[in-house]
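Working through the structure, step by step
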Amino acid sequence: MAHISAGDTAFILVSAALVLLMTPALGLFYGGMVRNKNVLGTIMHSLIMIAIISFEWIYIGYSMSFGPDVSGFVGDLSWFGLKGVGTAPSDTYATTIPHLLFMIYQCMFAVITPALITGAFAERMKFGPFVIFSLVWAILVYNPVCHWIWGSGGWLGAKGVLDFAGGLVVHLTSGAAALAAALVIGPRQGFKKRSFMPHNLPMTLLGTGLLWFGWFGFNGGSALAANGVAVTAFIATHLAGMAAMASWCFMEKIRQGNATTLGAASGAIAGLATVTPAAGFISANSAIIIGLIAGVICYLAVSMKERLGYDDSLDVVGIHGLGGFAGTLMLGIFASKAVNPGGADGLLAGNPGFFFTQLFGVAVVLVYAFVVSFVLLKVVDAMFGLRVSPEDEVMGLDLSQHSETAYNL
Amino acid sequence: MNTGDTSFMLVATALVMFMTPGLALFYGGLVRNKNVLSTIMHSICCLGLISFIWLAYGYSLAFGPDLGGFIGNLDWIGLKGVGLDPGPYSDTIPDLLFCAFQLMFAIITPALISGAYAERMKFTAFLLFTVLWSTFVYMPVCHWVWGQGGWLGKLGALDFAGGTVIHINSACAALVAALMLGKRKGWGQEAFHPHNLPMTVLGAGILWFGWFGFNAGSALSAGKIATLAFFTTQIATGCALMSWVVAEWIIQGKPTTLGAASGAVAGLVAITPAAGFVGPVSATIIGLVAGALCYSAILLKGRLGYDDALDVVAVHGVGGLWGALATGLFASVAWNPDGANGLFFGNPLQFLIQAIGAGAAIVYSLTISFVILKLVDMTVGLRVERDDEIQGLDITQHSEIGYNI
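Each value, and the rule that gives it
- Residues numbered from 1 in each chain as written.
- Chains lettered and ligands numbered in written order.
- Predicted model: local features only at pLDDT ≥ 70, side-chain atom pairs only at ≥ 80, totals over all residues.
- Helix = DSSP H or I, 4+ residues; strand = E, 2+ residues; numbered from the N terminus.
- Rg over C-alpha atoms; globule rule 2.2 N^0.38 Å.
- Buried ≥ 20, exposed ≤ 12 C-beta atoms within 10 Å, placed from the backbone.
- Contact = placed C-beta atoms within 7 Å.
- Nonpolar A, V, L, I, M, F, W, Y, C, P; charged D, E, K, R; others polar.
- Axes fitted to C-alpha atoms, helices over the stretch in contact; angles between N-to-C directions.
- Parallel < 35°, antiparallel > 145°, perpendicular 65-115°, else oblique.
- Left-handed = near helix turned anticlockwise from the far one by under 90°.
- Core = buried A, V, L, I, M, F, W, Y, C linked by C-beta atoms within 7 Å.
- pLDDT = per-residue confidence, 0-100.
- Pairing = 2+ DSSP bridges.

Moving on, we come to the overall build of chain A. The helix and strand inventory of chain A stands at 14 helices and two strands. Computed over the C-alpha atoms, the radius of gyration of chain A is 20 Å, within 12% of the 22 Å expected from 2.2 N^0.38 for a compact globule of 409 residues. Expressed as lengths along the three principal axes of its C-alpha atoms, the size of chain A is roughly 60 × 50 × 40 Å. Taking all 409 residues of chain A together, the buried fraction comes to 64%. Across chain A, the fraction of contacts at a sequence separation of at least 24, relative to all contacts at a separation of at least 6, is 75%.

Helix and strand counts for chain B come out as 14 helices and four strands. Relative to the globule expectation of 22 Å for 405 residues, the C-alpha radius of gyration of chain B, 20 Å, shows essentially globular dimensions. Put simply, of all contacts in chain B between residues at least 6 apart along the chain, 75% involve residues at least 24 apart.

Attention now moves to the interface of chain A and chain B. Taken together, the contacts link 47 residues of chain A with 47 residues of chain B. Residue assignment for the side of chain A that touches chain B shows that the elements contributing at least two residues are α1 (6-33), α2 (39-66), α3 (99-117) and α14 (397-402) of chain A. A per-element tally of the side of chain A that touches chain B places α1(A) first, with 15 residues. When the residues that make up the side of chain A that touches chain B are grouped by side-chain class, the tally is 34 nonpolar, 12 polar and one charged.

As a further point, take the packing of α3(A) against helix α6 (residues 167-185) of chain A. Residue and element names in this part refer to chain A. At a closest axis distance of 8 Å, the pairing of α3 and α6 adopts a crossing angle of 30 degrees. The orientation of α3 relative to α6 falls into the category roughly parallel. In this structure, the crossing between α3 and α6 has a hand that is right-handed. On α6, the residues that touch F109, T113, L116 and I117 of α3 are V170, T173, S174, A177, A178 and A181.

Moving on, we come to the nonpolar core. In this structure, L13(A) and A278(A) are the most contacted members of the largest nonpolar core, which totals 316 residues. No other element matches α1(A), which puts 19 residues into this core.

Another aspect to go through is the packing of helix α1 (residues 3-30) of chain B against helix α2 (residues 36-63) of chain B. All names here are of chain B. Running from N to C, α1 and α2 cross one another at 165 degrees; their axes reach a closest spacing of 8 Å. Compared by their axis directions, α1 and α2 come out roughly antiparallel. The hand of the α1/α2 crossing is right-handed. Between α1 and α2, the residues in contact are T20, P21, L23, A24, Y27 and G28 and V36, T39, I40, S43, I44, C46 and L47, respectively.

Look at A94(A): it is not a glycine, yet its phi comes out positive at around 40 degrees. Mapped onto the secondary structure, A94(A) falls in the loop between β2 (74-75) and α3. Taking the number of C-beta atoms within 10 Å as the measure of exposure, A94(A) has 21 and is therefore buried. For D311(B), which is not a glycine, the phi torsion comes out positive at approximately 60 degrees. Along the chain, the position of D311(B) falls in the loop between α10 (280-304) and α11 (312-330).

Residues and elements named next belong to chain A. Position of G209 among the secondary structure elements: in helix α7 (residues 201-220). For G209, a count of 15 C-beta atoms within 10 Å puts it in the partly exposed group. C-alpha separation for the pair G209 and A265, spaced 56 residues apart in sequence, amounts to 8.4 Å.

In the predicted model, chain B carries a mean pLDDT of 96, and 100% of its residues have values of at least 70. Overall fold confidence for the complex sits at a pTM of 0.95, while the interface term, ipTM, reaches 0.93.

A separate point is the environment of L288(B). All names here are of chain B. With respect to the helices and strands, L288 occurs in helix α10. On a C-alpha basis, the gap between L288 and F160 in space is 20 Å, while along the polypeptide they are 128 residues apart. If we ignore the near neighbours within four places in the chain, the residues touching L288 are C239 and S243.

Next up on the list: the pairing of strand β4 (residues 90-94) of chain B. Residues and elements named next belong to chain B. Of the strand pairs in this sheet, strand β3 (residues 86-87) and β4 are connected by two bridges, and their pairing is antiparallel. Paired with G87 across the strands is S90, a residue of β4. Taking the residues that link successive antiparallel strands as the turn, the β3-β4 hairpin has two residues.

With that out of the way, let us pick up the environment of S303(A). Its location among the elements puts S303(A) in helix α10 (residues 284-308). Distance in space between the C-alpha atoms of S303(A) and D315(A) is 9.8 Å, their sequence separation being 12 residues.

Here you go:
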């Protein structure tokens, strides 16, 4: 039996807790951006995922994602209900920590991914159909894509596609699903006619701070050991977050006249999302460049949204979708074996082949996640209806879906 | 000394410390806006008060050399002899770190009680009560279960991270406090709506996060048992959240964020005594039962007619009791060889021991809490004046207001 390292175990225990915190943090980040009649509905979208996906994950999700491979596409169900997954280390994944710890660490990623999508359909989705959609989405989209890239025997991983902490698995899948959701469910009442002002920006900024804090567990912890790679990822995460925050604010300043706190928050998240696939494979300087680019392109994507005419309410597509997309490709450019011998050399290190491998991975995941999400949303819509009634939408989700009001000040 | 274990326990200690401000926000969002600061103050002040008591004599009473199984003696007063080498309670981390970790538990326990008397207790009464309760209830019960030579520990009672010591103990005090203080003005006539639910959700998120330090850290090392406790904490909490929300969806027609937050805390409470002793399927069941059970307890409260303002009894009492008993049902040495087998694994005696442990804590905490509250009532008086209650505790007790929006 492999040897358990107390240092590695300590680090991943803490990292798993940090990633758990990101989901309520996301609830606050999103919750602050909606109107005050929808804040609880929005928070609930994130919160309930912790319950539903944790349950799904231990019974089938973990086995589908990381269990024994079935022709590169998905894990089989031989680990159903965590059969055989105990406190001894796995001989495949993270061999210096208990297998159960690797499992619960991965659980936190599975939890936050469908929660990310909810920003796209905020303020107008029915609660019951939302729960059904998210559960089935986790099974049909998250688990297979996770297996392709991170599962032992997964076909994209076998082709050499790299994704350090979830640019493809987490951000691109949720971004593609968000685009499908915004298109299927349609814009909010009043979209383009009036502006929807965030009702509580300090709450959004608190959420941003907690997300940034948690992201160190998300990216640093993805090294699965307390070692040099974890430090590389930790540093890249911080630098890309700060660089994107700076460049987003700079773009706002020159195009709109004032840098905003909402821009600082969005920029930070854009940088953190973009560096996610690359974090453990790149140098500090590359991380800064990736961050600077992320802030600019995500800002442009978000400001183009209205012209494109879909109502991705809280900019999941422009931030997470584009961030995951661009970050995975930029990894193809900036990856360096000098930084992480377990990674690959990218374009700048003289290996254009790896860039095309990444491009292939991005294309496959984008198409799969978008198509399956789109079909799934259409099916759920036909069966239960996705959207609340116009009266309920005017009243707000807090009262119509949950019989609560957020503030009695 | 092991650097891996030490780094884990340093972070776990910080996580448990963070739970007390988390609790403050959780409770703070639930009260009316005229009482938000006073409610937060009840938790925050424990960080100061109890830290001092712990250093002065609390740690010695709880963990010092045993006196008849009932309490520690005063040999370690002022932390005399508690140093940076591994101590009697842990082989791989500094003695002082164990002491700091346990301090965070001692802090949050009296803070939990404050939910019962929210919106009507005098601040001076709160201070006096907290000091006395911590000294005469928390320290002894902690010693019984976790101190070397403590009688419940010797009996074989299992309490991984504080189901009996923390949750049952504080909930019994909460029940007595709710009964002795009486109902808030307007109870039964007007509805007391939470003034800021996003704040409550934030508090619940912080509590959940910190609880990983609370439960996994109780393994006192970064290894298999910490992993098991971490995992069962997540799964039981998720399941309790789900079962609470489903129950209210069926019974009251809508799933609420307040229900989700409360369900999560109920699950965290219930798994606390069991965390390092049970496997995944058992954790699932413990969580599913906890959510529905604690939700039913809240429905029942309205009928019983005492005003436990923020449901300490229903969530921490009922949840803690269920968890303590469930440990006696589901514990399995296949998962933790240092634990025991429960009823479902062929050892009915363990269930009996768990019941004795819970029963002893209930009787002791109810009685002594009653005596302490009587004493406080006779000296400084428990409850604020009627006019002060109408004006709110923030302005009358602290000369502040929560919001200038």
